[in-house]
Amino acid sequence: MSAVEIICRNCGADTLLKREAVYDGFTKTGEKRLCSSCGFEYASESDVPFKAKANEPRIFTDADRSAKVEVFDETENRQLCRYCANYIVNPFTQFCSVHKKEVQATDTCGRFEQATDKDDSDSPI
């Protein structure tokens, strides 16, 4: 289905396959397969002379790839306001309850306090 390169049986051109939907009113009833050069219609998918794809040589192997680069240490971004206990988010703003000002999730400050995960198992819902 994804192959589109063909060698047309009618005109002999090295060309592309054109697929057109066939409708009965607003209902799709099928699909026409046409040569984009001469317009020759193929009866079925198996009749289409798809071009054989040659295996391209592999220049690089997995051994040639560099090691995965880690830009941040695992705990390096843990001093961000997003992870602070004093960080308040609502639909309109992000707010720091210590400094009483609007902040961004990627801001940092010297009064960072690690937020604890809330346990919702006791919720009355």
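Coordinates for the structure precede this section.
My aim in this report is to walk through the structure given alongside it, one point at a time.

What counts, and where the lines are drawn
- Residues numbered from 1 in each chain as written.
- Predicted model: local features only at pLDDT ≥ 70, side-chain atom pairs only at ≥ 80, totals over all residues.
- Heavy atoms only, no water.
- Phe/Tyr/Trp six-rings, centres within 6.5 Å; stacked < 30°, edge-to-face > 60°.
- Buried < 20%, exposed > 50% of the residue type's maximum accessible area, 1.4 Å probe, protein only.
- 1 Å grid on protein atoms, 1.4 Å probe; cavity = no way out; pocket = protein on both sides within 12 Å on 5 of 7 lines; lining within 4 Å.
- Points joined across faces, edges and corners; volume = space filled by probe spheres on them.
- Nonpolar A, V, L, I, M, F, W, Y, C, P; charged D, E, K, R; others polar.
- Pairing = 2+ DSSP bridges.
- Helix = DSSP H or I, 4+ residues; strand = E, 2+ residues; numbered from the N terminus.
- Core = buried A, V, L, I, M, F, W, Y, C linked by side-chain atoms within 4.5 Å.
- Contact = heavy atoms within 4.5 Å.

1. Points about the packing of aromatic side chains
Now for step 1: The full count for this structure, using the stated rule, is 1 aromatic pair.
Now for step 2: When the centroid spacing of 5.1 Å and the interplanar angle of 85° are considered together, the rings of Phe 40 and Tyr 42 count as edge-to-face.
Now for step 3: Look at Phe 40 and you get partly exposed, because its relative accessible area is 34%.
Now for step 4: Looking at Tyr 42, the relative accessible area reads 2%, which means it is buried.

2. A short note on empty space enclosed by the protein
Rolled over the atoms, a probe with the dimensions of a water molecule shows which regions are left empty.
Now for step 1: Throughout the structure, instances matching the rule amount to 1 cavity of 30 Å³ or more.
Now for step 2: As for the largest cavity, its lining consists of Gln 79, Leu 80, Cys 81, Cys 84, Asn 86, Cys 96, Val 98, Asp 107, Thr 108, Cys 109, Arg 111 and Phe 112.
Now for step 3: In terms of residue class, the lining of the largest cavity is made up of 7 nonpolar, 3 polar and 2 charged.

3. Looking at the sheet that holds strand S3 (residues 27-35)
Now for step 1: Taking strand neighbours across the sheet as the criterion, the 4 strands line up as S1-S2-S3-S4 in an open arrangement whose pairing is antiparallel. Of all the strands in the sheet, just strand S1 (5-7) and strand S4 (41-42) have a single pairing partner and so form its edges.
Now for step 2: The pairing of strand S2 (residues 14-24) with S3 spans 8 bridges and is antiparallel. Its bridge partner being in S3, Ala 21 is matched across the sheet by Glu 31.

4. Considerations on the nonpolar core
General note: in soluble globular proteins, nonpolar side chains tend to be found buried as a group.
Now for step 1: Cys 81, Tyr 83, Cys 84, Tyr 87, Cys 96, Val 103 and Phe 112 together form the largest nonpolar core, which totals 7 residues.
Now for step 2: In this structure, Val 103 is in contact with Tyr 87, Gln 94, Phe 95 and Cys 96, ignoring residues within four places of it in sequence.
Now for step 3: Counting residues in each nonpolar core, the second largest holds 6 residues, with Ile 6, Leu 17, Tyr 42 and Val 48 among its members.

Functional significance is not addressed by these values, which are geometric in nature.
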